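Chain residues, written in single-letter form:
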Amino acid sequence: MPKDSSSIARFARQTRVVVGATLLSRVFGLIREQVIAYYFGAGALTDAYVAAFRIPNLLRDLFAEGAFSAAFVPTFSRVLEKDGKAAAFDLLNRVLSLFVPILVIVCALGMIFTPHIAGLLSGGVEGSPGKIALLIRMARWMFPFLLLVSVASVMMGALNSLSRFGMPALAPTGFNLGVIIGATVLSTWADPSIVGLAWGVVLGGVLQWGFQAVSLHRLGFRHAIAPGWRDSNVHHIARLILPSLVGTAAVQINIFAITRLAWSLGDGPVAYLNYAYLVIFLPLGVFAVATATVGLPRLSQLVAAGDAEEMRRTFRQGVQTVLYLVIPTALAFMILGQPICAALFQRGRFDAAASMHTARALGFYAIGLLAMATIRVTTPLFYAHHDTRTPALCGVISVTANLIGMSILVSYLGYGGLALSVSCAAIVQITVLLVIAQRRYGPLGLFDLGKSLLTLTVVGLGCVGAGWGAWHFGGFGTSAWSRIGGLALAIFIAALLYLGITWLLGYRQIGGVKVKPRWRSGTGSSNESVDKGGR
């Protein structure tokens, strides 16, 4: 098998492993949110929980899955490629020996200053009596989660670099189980009961860390305290992390502003936006994050090996995968948003009004879903080149656009304007990223990718429209099972049509590798249409 074909096959196989494991994790995440919706609905209590969780979660994005991972994974991959596994594990020990004490200090300071952070997050608007006090109490309980999930994220980066993708992708399932236990079991001992969710978050962090620790132990890693201040690779990570921190911090300011504005709109909007974003994150996590998870170590290895053409081919495959899978999903969220939210959440304390409000937010988020997904696939291209400054700068541009957009749109669309502004900012960000990447790293096949975008959008509109017709004229919605059955029928019809039509158009592999459309002449590899497309 030729080198490019074997590497493409390996990349596709690894992506399928991550997609499968991530899908299972997201299903548990969806069950988690359904359990929360059933027991606590969408109101003041849920607003307080969502806002409280965002305080340590904002810091997690800074210390774990955002800036730190962007700096650590390419460096770890380079050491692994050049010096072997023992040297890479030594680097991991040096990083953890510095990282863990810093995180302990950050958690302690966070718990001390939680009231001040909560005041900034809420803008001093109390809302329902005791809402801010509950926010503070739960946020303090959840700060240890920051330490656990940050260490787990570093371990996940090491495992991915070692081509171990399944278990790291499954690890969030542990977090979801912890929160479910918190909602169903621990809440019976808490007063008010929703505080049990905060305990469940910490339990979930322990489980998520445990998944990674066991996997690394099986590969031969042993924890040991190792000084890292004088290590050149640690210095390199530190230099990379600083500009990335700027971009990640800008994103956190963005989330902070959204939460504050939504909080000021009364009881419910914080929860509506949170439920809607969690639905959005299901395909975002399964398709885009899974592709990026496999892509970053792979791209880093190709850059270290100096194989620029294979690097571009790997990037194009990742974008093709995202286009094929995310476009119909985004259209489904826009057209079938109300039945989707009703089928997923409308039971227990989550009523029809909450379902309608969540669907409204979901529709506005869906406008930017493709941009959000493509950002996840494109930023690893820069990180693989040890460039964290460009994504950081683009993140700042996006946040600036979002802050301006939110200040304008919230007056006209309320919480819907906040979601729409996020979508518009994501579109601005991916446009800038792709323009820079095309100029810096050579022909990325953007012209042919653009044609795929147009083709798949037209096909997706027709197929999802047919699914909507089946749901609308079928008279579904009288009961929970009727709503679920009607939605399942609509999705089945839309998916069957989409798969069939795109197969006829030449998209023969769901993994995202585009076989040449049947109406095009000539022969060549399955990726020739994008490999030779410069612009």
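Note: the structure precedes this text.
For clarity, every value in this text was computed on a predicted model and none was experimentally measured.

Draft legend 1. Structural context of the overall build of the protein chain. The secondary structure content of the protein chain amounts to 20 helices and zero strands. Within the protein chain, the fraction of its 535 residues that count as buried is 58%. Within the protein chain, residue pairs in contact and separated by at least 24 positions form 83% of the contacts whose partners lie at least 6 positions apart. Roughly 21300 Å² of accessible area belongs to the protein chain as shown, and the carbon and sulfur atoms make up 68% of that amount.

Draft legend 2. Structural view of the packing of helix α15 (residues 369-384) against helix α17 (residues 415-441). Running from N to C, α15 and α17 point in directions that differ by 35°, and their axes come no closer than 9 Å. Judged by the twist between their axes, the crossing of α15 over α17 is left-handed. Taken together, the residues of α17 that come into contact with α15 (itself represented by Ala371, Met372, Thr374, Ile375, Thr378, Thr379, Leu381 and Phe382) are Val422, Ser423, Ala426, Ile427, Gln429, Ile430, Leu433, Leu434, Ile436, Ala437, Arg440 and Tyr441.

Draft legend 3. Expanded view of a nonpolar patch on the surface. Together, Met334, Ile335, Ile367, Ile427, Leu461, Trp468 and Phe473 line one region of the surface with nonpolar side chains, adding up to about 640 Å² of accessible area. Of all elements in the fold, only α12 (308-335) and α18 (446-473) reach the threshold of two or more residues within the nonpolar patch. Sort the elements by how many residues they give to the nonpolar patch and α18 lands first, with three residues. Looking at where Leu461 falls in the secondary structure, it is placed in helix α18. The class for Leu461 is partly exposed, based on a relative accessible area of 44%.

Draft legend 4. Structural detail: the environment of Pro192. With respect to the helices and strands, the residue Pro192 is situated in the loop between α8 (172-184) and α9 (195-218). Note on Pro192: relative accessible area 30%, which makes it partly exposed. C-alpha of Pro192 to C-alpha of Leu45: the two residues are 147 residues apart in sequence and 9.2 Å apart in space. When neighbours within four sequence positions are excluded, Pro192 is seen to be in contact with Leu134 and Arg137.

Draft legend 5. How the structure looks around the packing of aromatic side chains. Counted according to the given criterion, the structure contains 16 aromatic pairs. Residues Tyr277 and Tyr365 carry aromatic rings whose centres are separated by 5.5 Å and whose planes lie at 70° to one another, so their mutual orientation is edge-to-face. Taken as a pair, Tyr277 in helix α11 (residues 269-305) and Tyr365 in helix α14 (residues 352-366) lie far apart in primary sequence, 88 residues in all. By relative accessible area, which is 29% here, Tyr277 ends up partly exposed. Accessibility expressed as a relative area gives 5% for Tyr365, which makes it buried. Feature note: the residues Tyr49, Phe53, Phe145 and Phe175 constitute an aromatic cluster, connected by ring pairs. Against the face of Tyr415 rests Arg360, its NZ or CZ located 5.1 Å from the ring centre.

Draft legend 6. Region of the structure containing α17. Over its 27 residues, α17 extends 39 Å from the first C-alpha to the last, a length consistent with the 39 Å expected when each residue adds 1.5 Å. Once α17 finishes, Gly442 follows within two positions and takes phi at roughly 95°, a positive value.

Draft legend 7. Up close: the packing of helix α6 (residues 131-161) against α9. Remark: α6 packs on α9, axes separated minimally by 8 Å, with the N-to-C direction vectors making an angle of 10°. Between α6 and α9, the angle falls in the class roughly parallel. Here the hand of the crossing between α6 and α9 comes out left-handed. Of the residues in the contact of α6 with α9, the class split is 23 nonpolar, four polar and one charged.

Draft legend 8. Structural context of the nonpolar core. Residues Tyr49, Phe72, Phe76, Leu92, Met138, Leu216 and Leu273 are the most contacted members of the largest nonpolar core, which totals 143 residues. Top element by residues in this core is α6. It accounts for 16 residues. Excluding residues within four positions of it along the chain, Phe72 makes contact with Leu92, Val95, Val154, Gly157, Ala158 and Ile237.

Draft legend 9. Examining α15 more closely. Spanning 16 residues, α15 covers 24 Å between terminal C-alpha atoms, matching the ideal 22 Å at 1.5 Å per step. At Arg376, α15 is deflected by roughly 25°, the largest bend along its length, and proline Pro380 occurs up to four residues later in sequence. Of all 16 residues making up α15, 15 are buried, and the element is well covered by its neighbours. Backbone geometry just downstream of α15 places His386 in the positive-phi region, at approximately 60°.

Draft legend 10. Seen up close, the pattern of salt bridges. Counted by the stated rule, this structure contains six salt bridges. For Glu33, the salt bridge goes to Arg32, with nearest N and O atoms at 2.7 Å. For the pair Glu33 and Arg32, a shared accessibility class is recorded, and that class is buried. Residue Lys451 pairs with Asp448 through a salt bridge whose shortest N-O separation is 3.3 Å. Residue Lys451 and its partner Asp448 are both found in helix α18; the two are separated by three residues, about one turn of the helix. Look at Asp448 and you get buried, because its relative accessible area is 11%.

Criteria and cut-off values
Residues numbered from 1 in each chain as written. Predicted model: local features only at pLDDT ≥ 70, side-chain atom pairs only at ≥ 80, totals over all residues. Heavy atoms only, no water. Helix = DSSP H or I, 4+ residues; strand = E, 2+ residues; numbered from the N terminus. Buried < 20%, exposed > 50% of the residue type's maximum accessible area, 1.4 Å probe, protein only. Contact = heavy atoms within 4.5 Å. Areas by Shrake-Rupley, 256 points an atom, 1.4 Å probe, with all protein chains shown as cover. Axes fitted to C-alpha atoms, helices over the stretch in contact; angles between N-to-C directions. Left-handed = near helix turned anticlockwise from the far one by under 90°. Patch = residues over 30% accessible without salt bridge, like charges linked within 9 Å, V, L, I, M, F, W, Y side chains within 5 Å. Salt bridge = Lys/Arg side-chain N within 4 Å of Asp/Glu carboxyl O. Phe/Tyr/Trp six-rings, centres within 6.5 Å; stacked < 30°, edge-to-face > 60°. Lys NZ or Arg CZ within 6 Å of the ring centre and 35° of its normal. Expected span 1.5 Å × (residues − 1). Parallel < 35°, antiparallel > 145°, perpendicular 65-115°, else oblique. Nonpolar A, V, L, I, M, F, W, Y, C, P; charged D, E, K, R; others polar. Core = buried A, V, L, I, M, F, W, Y, C linked by side-chain atoms within 4.5 Å. Bend = angle between axes of the 7 residues up to and from the residue.

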